[in-house]
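Structure at a glance
What follows is the residue order along each chain.
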Amino acid sequence: KPVIALIGLCLLQASRVCTSLLGMYRVGSVLEQTEILPLGPERGRLMVSPQILQVIGKVAVSMGQNGFKGGDPVIGVDSLCGIVYLTGAHSPGMPWFFPGQTTFLKKTVAILPPEIVGAAWVLIRRSSPSRHLETWWPATSAPQPSLVASFSVKWDGQDEGFELYRPKQKNESSYKQYVQH
């Protein structure tokens with residue numbers, strides 16, 4: 001009986017290893033990760049799938065064309081933490097907002113300092129239940145950012161639309177003072 005239990009445990013662990021290699025965290029199989037990331041904090045050190053590279057590239061180009069600088073805060077609405085990080089941004093308040101967390105997103109953004117909210121870019125997946133910025137943006141903290149780009153890419157085998165919002169006012173000095181403390 002111990003031999004049967006050991007064989008069962010080995011099969012279970014082997015299946016966990018195989019499924020981990022074939023698809024984890026929406027970045028695809030390690031076998032698909034053939035492209036070296038040419039930008040962001042992991043430039044030259046991380047391999048991603050061609051699909052993820054296309055997404056990161058489109059987001060980074062749109063952000064760069066609209067004045068984004070590495071280290072700027074970006075609120076990635078709905079499972080975009082990897083994209084936010086790999087473009088050189090950081091996510092204020094929470095690293096990851098999941099689908100359907102509109103109330104949580106609203107409460108999190110509402111308690112952030114106005115300097116952070118006012119300097120924050122917003123990247124939204126159009127398929128997100130939280131895609132309507134006006135439903136969660138704090139009314140008293142900072143003006144809502146402006147839509148500056150809208151584009152579509154292949155994501156999980158489907159067309160996925162994204163919207164990029166740029167902060168209306170960016171008080172560089174107060175934001176830099178805040179993040180240095």
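The preceding data block contains the structure.
Note that residues are indexed from 1 along each chain, following the sequence as it is written. In view of the model being predicted, local features appear only for residues whose pLDDT reaches at least 70, and side-chain atom pairs are presented and counted only at 80 or more, with totals across whole chains, interfaces and linings using the full set of residues. Processing note: side-chain calculations cover all non-hydrogen atoms of the structure and skip hydrogens and water entirely.

Before going further, it helps to spend a moment on the packing of aromatic side chains. Only Phe, Tyr and Trp rings are paired, with Trp represented by its six-membered ring, and only when their centres lie within 6.5 Å; those with planes under 30 degrees apart are stacked, over 60 edge-to-face, the remainder tilted. Following the criterion strictly, the structure yields four aromatic pairs and no others. Judged by centre distance (6.1 Å) and plane angle (55 degrees), the rings of Phe-97 and Phe-104 are tilted. For each residue, the accessible area found with a 1.4 Å probe, counting protein chains only, is set against the maximum for its type, and the residue is called buried under 20%, exposed over 50%, and partly exposed in between. For Phe-97, a relative accessible area of 1% corresponds to the buried category. You can call Phe-104 partly exposed: its relative accessible area is 35%. Ring centres of Trp-136 and Trp-137 lie 5.9 Å apart, and the angle between their planes is 55 degrees; on these two criteria the pair is classed as tilted. According to the relative accessible area criterion, Trp-136 is buried, its value standing at 0%.

Further remarks concern the nonpolar core. In plain words, nonpolar cores are sets of buried Ala, Val, Leu, Ile, Met, Phe, Trp, Tyr and Cys residues tied together by side-chain atoms within 4.5 Å. Of all hydrophobic cores here, the largest spans 23 residues; its most connected members are Val-55, Val-59, Val-74, Ile-83, Leu-123, Trp-155 and Phe-162. Helix and strand assignments come from DSSP, with helices taken as H or I runs of at least 4 residues and strands as E runs of at least 2, each series counted from the N terminus. Of all the secondary structure elements, the ones that give two or more residues to this core are helix 2 (50–65), helix 3 (81–86), strand 4 (121–125), strand 5 (146–155) and strand 6 (158–166). Among all residues touching Val-59, those that are not within four sequence positions of it are Ile-83, Thr-87, Leu-123 and Phe-151. Ile-75, Phe-97, Val-117 and Trp-137 belong to the second largest nonpolar core, which has 16 residues in total. It only takes one pair of heavy atoms within 4.5 Å for two residues to be counted as in contact.

Below, the discussion takes up the sheet that holds strand 4. Only strands that DSSP links by at least two bridges are regarded as paired with each other. Read across the sheet, four strands follow the order 3-4-6-5 without closing on themselves; strand pairing throughout is mixed. The sheet is open, and its two edges are formed by strand 3 (74–77) and strand 5, each paired on a single side. When the angles between neighbouring strand axes are averaged without regard to direction, this sheet yields 15 degrees. Inspection of the sheet shows strand 5 paired to strand 6 by nine bridges, in the antiparallel sense. Counted as the bridge partner of Leu-147 is Tyr-165 from strand 6. Orientation is described by axes fitted as lines to C-alpha atoms, over the contacting stretch for helices, and by angles from 0 to 180 degrees between their N-to-C directions. Docked against the sheet, helix 2 engages strand 3, strand 4, strand 5 and strand 6, running at close to 165 degrees with respect to strand 5.

Let us now look at the pairing of strand 6. In this sheet, strand 6 lies alongside strand 4 in antiparallel orientation, the contact comprising four bridges. Following the sheet pairing, Arg-125 is matched in strand 6 by Phe-162. Linkage of strand 5 to strand 6, two consecutive antiparallel strands, is achieved through a turn of two residues, within which Asp-156 is found at a positive phi near 55 degrees.

Looking now at unusual backbone geometry. In the Ramachandran plot, Asp-78 falls in the positive-phi region, its phi being about 95 degrees despite a non-glycine side chain. Its location among the elements puts Asp-78 in the loop between strand 3 and helix 3. The exposure class assigned to Asp-78 is buried, which follows from its relative accessible area of 3%. The phi dihedral of Ser-79 falls on the positive side, at around 60 degrees, and the residue is not glycine. Assignment of secondary structure puts Ser-79 in the loop between strand 3 and helix 3.

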